Protein chains: 4
Amino acid sequence: MKTRVHLHLDPETRTEAQRRLKSVRGHVEGILRMLDDESAYCVDVLKQIKAVEGALDKVGELILRSHLRDHVVTAAQRGDADAIVEELMELFKYR
Amino acid sequence: MKTRVHLHLDPETRTEAQRRLKSVRGHVEGILRMLDDESAYCVDVLKQIKAVEGALDKVGELILRSHLRDHVVTAAQRGDADAIVEELMELFKYR
Amino acid sequence: MKTRVHLHLDPETRTEAQRRLKSVRGHVEGILRMLDDESAYCVDVLKQIKAVEGALDKVGELILRSHLRDHVVTAAQRGDADAIVEELMELFKYR
Amino acid sequence: MKTRVHLHLDPETRTEAQRRLKSVRGHVEGILRMLDDESAYCVDVLKQIKAVEGALDKVGELILRSHLRDHVVTAAQRGDADAIVEELMELFKYR
């Protein structure tokens, strides 16, 4: 984990991300309850897992937009353009 | 949600999926705590979200393997091959 | 490369896959021409690359459906269920 | 298609992207030949399609890195930050 003290997530995005992640947690708990039922059907569980991944993608999009808007587009002015680009590219490789 | 009473998730996979989903829930709670800190950095949060998605992919793989092994490869014998293939294909389109 | 002499792609799917792959090839050639222009804009090229990947996904779906329908749902009858499941799972990990 | 006359792809990236796309075209032609053989096996074809998608992802990464480095990190100085962020976000949604 990096400590870039000057590049914080804006408060509005933080709050919205938390709101959505609480909903993700509730969704995961719902799948856990589905799995308590011994007649749970694979495809129903798989669909719920995809839905949670979709919700997490939305949180990721929210934070990525905020990062691009607040930190990436200003990197040349700040002088850390190379570092910020490599960091982003590392992230896209995970996909 | 479908009710295919005869096609259940095998107990071992159910238990393992639950174990992993509890870990996913803990990971989501960890991100929520990260976001309580107003100096949270976007890229650190994005990495954690990717890690949770990776863990969910693993749960999905577990259940998909079980579904293929227990239900899909026997579909011709059971006589519901068309339905089971379309159901699976619908799922892959979400990706 | 495996040689499973008895598990062939059905002729209709083969023909349709070829038709679509020729279109993919034409699309790649279109991007090559775009890149001959020194004023090519990154985002336009990225969009075209995504479009080609989408077209390839469609070819993959076509072949996957055919494989599930013709070979996977009959695996228990043929007696190679384990091998066919592992082969499929290996493929999904690439995603 | 947009015409942003001032934001071109750098020549080196253009050349490298062309080189890789020619290899992608050759790979697609290889799959077309595979499909001429009526004993082509689904999973072999699926693996080749994934490989082509992987090669296209690499071209996309190359161009994305160039775009971030040359155009995105300087957007605040140029004054088109909002437009450039939305354009990028639109692209990530395709994934």
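Because the structure is a prediction, the values reported are computed rather than measured.

Peer 1: What's the story with the overall build of chain A in this structure? I'm lost.
Peer 2: Across its full length, chain A holds four helices and zero strands. Listing each helix as α and each strand as β along chain A from the N terminus yields α-α-α-α. Taken against the 2.2 N^0.38 rule, which gives 12 Å for 95 residues, the C-alpha radius of gyration of chain A at 18 Å runs more than 25% over that of a compact globule. When the backbone C-alpha atoms are referred to their principal axes, chain A occupies close to 60 × 25 × 20 Å. When the 95 residues of chain A are sorted by exposure, 53% land in the buried category.

Peer 1: Even after reading the chapter, I still don't get the relation of the copies chain B and chain C, so can you show me in this structure?
Peer 2: When chain B is fitted onto chain C, the two copies agree to an RMSD of 0.0 Å after a turn of 180° and an axial shift of 0.0 Å. Both copies are brought into coincidence by an operation consistent with a two-fold rotation axis. Every residue of chain B has its C-alpha some distance from the rotation axis, and the shortest such distance is that of Val73(B), at 2.1 Å. An overlap of 100% is found between the interface residues of chain B and their copies at the interface of chain C, pointing to a shared contact surface.

Peer 1: What should I look at first to understand the interface of chain B and chain C in this one?
Peer 2: Quite often, the size of an interface is put as the accessible area lost when its parts meet. If you look at the interface, chain B gives 20 residues, while chain C gives 20 residues. Between chain B and chain C, a total of about 1,900 Å² is buried, with carbon and sulfur atoms accounting for 69% of that surface. For the chain B face of the interface with chain C, the top three residues by lost area are Arg65(B), Val73(B) and Met89(B), together amounting to 31%. The tally of links from chain B across to chain C stands at two salt bridges. Taking the shortest distance from any N to any O, the salt bridge between Arg65(B) and Glu86(C) comes out at 2.8 Å. Where chain B packs against chain C, one counts four residue pairs in polar contact (both at pLDDT 80 or more).

Peer 1: Any chance you could explain the pattern of salt bridges here in plain terms?
Peer 2: Oppositely charged side chains can pair when the atoms bearing their charge come close. Within the structure shown, the criterion is met by 32 salt bridges over all chains. Measuring nitrogen to oxygen at the nearest pair gives 2.9 Å for the salt bridge that ties Arg20(A) to Glu16(A). Taken together, the positions of Arg20(A) and Glu16(A), both in helix H1 (residues 11-36) and four residues apart, correspond to about one turn of that helix. When its relative accessible area of 23% is taken as the criterion, Glu16(A) is described as partly exposed. The shortest N-O distance in the salt bridge between Asp10(C) and Arg69(C) comes to 3.3 Å. Placement of the pair is Asp10(C) in the segment before helix H1 (11-34) and Arg69(C) in helix H2 (residues 42-72), with a sequence separation of 59 residues.

Definitions and limits used
- Residues numbered from 1 in each chain as written.
- Chains lettered and ligands numbered in written order.
- Predicted model: local features only at pLDDT ≥ 70, side-chain atom pairs only at ≥ 80, totals over all residues.
- Heavy atoms only, no water.
- Helix = DSSP H or I, 4+ residues; strand = E, 2+ residues; numbered from the N terminus.
- Rg over C-alpha atoms; globule rule 2.2 N^0.38 Å.
- Buried < 20%, exposed > 50% of the residue type's maximum accessible area, 1.4 Å probe, protein only.
- Least-squares fit on C-alpha atoms with pLDDT ≥ 70 in both.
- Contact = heavy atoms within 4.5 Å.
- Buried area = accessible area lost by both parts, 1.4 Å probe.
- Salt bridge = Lys/Arg side-chain N within 4 Å of Asp/Glu carboxyl O.
- Polar contact = N/O pair within 3.5 Å; in protein donor to acceptor, adjacent residues only side chain to side chain.

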